[in-house]
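Here's the letter readout for the chains.
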Amino acid sequence: MIRRPPRSTPSNSSAASDVYKRQVHGPALRRRAAARNTRIAGSEDRATEHAGMSVLERMVRAAEKVRERLVRACTALEASGVRYAVIDGNAIAAWVATVDETAVRNTRDVDILVEPDDFERAREALEGAGFVYRRVAGVHAFLDGPGAGVRDAVHVVLARRKVRSEYPAPAPDASQTVALGEGLRVLALDALVRMKLTSFRRKDQVHLLDLIDVGLVGEGDLAGLPPELAARLRELLENPDG
C-alpha cells in the first residue's frame with residue numbers, strides 16, 4: 001500500500017509571510033486594477049463615441065477634441081487669475097499659423113506652463129472645469145474626465161523648474177507670453193525655442209524644424225544661445241533632413 005505523505009500545515013512563519021505580502025502588495029495590486037478598469041472604461045466610452053463615424057470624421061474629431069480641451073483649460077486658468085503659458089505642440093502650431101496655416105502640424109498634447117506658486121489655484125481651476133488630477137510618472141496630469149487616459153489630458157509643467165534632472169536648463173517663467181488667437185497666452189517664441197532645444201527629443205526637433213521651415217527660426221538665433229543649445233540648433237539648420 002502506498003502511503004501518502006501527511007498533509008502539511010502552514011507554519012507560523014509562512015502565515016506571517018502571507019499577511020506581510022497582502023499588506024505590502026495588496027494596495028499596489030488594487031491600484032493597478034483600478035487603473036486597468038479606468039482604461040477599459042475609457043476605451044468603451046471612445047468606442048461608443050466613434051460608433052458610426054468614418055475614419056476621416058474620427059481624424060477631424062480627434063483634432064477638435066484637443067482644441068476644445070486646450071480652450072477649456074486656458075479659460076478656467078484665465079478666470080482664476082493663474083499665470084500660465086501654452087507650450088509644446090500647440091504653441092508651435094500657433095506660431096507656425098502666424099506665417100503659414102498650411103504648415104501647421106496637429107498635436108494630441110495639451111501642455112501648459114504654470115508658475116509654482118499658482119499650482120494649487122491652477123489645480124482648483126482645472127478640477128472645477130471637469131479635469132481629474134493624477135500624478136503620472138512625475139508629471140502633473142489633468143485627465144479629461146474620470147474615464148480618460150493620460151493621452152486625453154492637460155499636462156502642467158512648473159515654471160523655472162527642470163522638467164527632467166538631466167536637462168541643461170530649467171523651464172522658463174510663465175510671464176513670457178504672447179496672445180495668439182482666442183485669448184490664449186502662448187509662450188514667447190524665443191523662450192519656446194530655448195525650451196525645445198533644452199529637451200531636444202525627436203518631437204522637439206520636429207517642432208523646431210517646423211519653425212525653421214516657415215522662417216521663424218534661423219541663423220540669427222544662434223548668437224543669443226548658450227553653447228550647448230546653439231550647437232543643437234546649428235545641427236538642425238545645417239542638416240534638416242537628419
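The text that follows walks through the structure, step by step, so that each part is easy to find.

### A short note on the nonpolar core
Counting 55 residues, the largest nonpolar core has Ile112 and Leu113 as its most contacted members. With residues near it in sequence (within four places) discarded, Ile112 still touches Ala73, Cys74, Leu77, Tyr84, Ala85, Ile87, Val154, His155, Val156 and Val157.

### Section: unusual backbone geometry
Keep in mind that most residues, glycine aside, have a negative phi and that most peptide bonds are trans. For Ala137, which is not a glycine, the phi torsion comes out positive at approximately 50°. Considering the arrangement of structural elements, one finds Ala137 in the loop between strand E3 (132-136) and strand E4 (139-143). The class of Ala137 is exposed, set by a relative accessible area of 80%.

### Considering the packing of helix H5 (residues 189-199) against helix H6 (residues 202-213)
The interhelical angle for the contact between H5 and H6, taken along N-to-C directions, is 145°, at an axis separation of 8 Å. In this structure, H5 meets H6 at a crossing whose hand is left-handed. From H5, Leu189, Val193, Lys196, Leu197 and Ser199 reach across to H6, where they touch Asp204, His207, Leu208 and Leu211. Across the contact of H5 with H6, the residue classes break down as five nonpolar, two polar and two charged.

### Points about the pattern of salt bridges
Applying the stated criterion across every chain yields a total of 21 salt bridges. Notably, a salt bridge pairs Asp144 with Arg72, separated by 2.4 Å at the nearest N-O pair. Of this pair, Asp144 sits in the loop between E4 and strand E5 (153-158) while Arg72 is found in helix H2 (residues 55-79), placing the two residues 72 residues apart along the sequence. On the basis of relative accessible area, Arg72 is assigned to the partly exposed category, the value being 29%. Between Arg105 and Asp210 there is a salt bridge; the shortest N-O distance is 2.8 Å. Within this pair, whereas Arg105 is found in the loop between helix H3 (88-97) and strand E2 (110-114), its partner Asp210 is found in helix H6, the two being separated by 105 residues in sequence. Exposure remark for Asp210: the relative accessible area of 11% places this residue in the buried category. A single salt-bridge network, built from bridges that share partners, covers Asp88, Arg108, Asp109, Lys196, Arg201, Lys203 and Asp204.

Rules of the game
Residues numbered from 1 in each chain as written. Predicted model: local features only at pLDDT ≥ 70, side-chain atom pairs only at ≥ 80, totals over all residues. Heavy atoms only, no water. Core = buried A, V, L, I, M, F, W, Y, C linked by side-chain atoms within 4.5 Å. Buried < 20%, exposed > 50% of the residue type's maximum accessible area, 1.4 Å probe, protein only. Contact = heavy atoms within 4.5 Å. Helix = DSSP H or I, 4+ residues; strand = E, 2+ residues; numbered from the N terminus. Axes fitted to C-alpha atoms, helices over the stretch in contact; angles between N-to-C directions. Left-handed = near helix turned anticlockwise from the far one by under 90°. Nonpolar A, V, L, I, M, F, W, Y, C, P; charged D, E, K, R; others polar. Salt bridge = Lys/Arg side-chain N within 4 Å of Asp/Glu carboxyl O.

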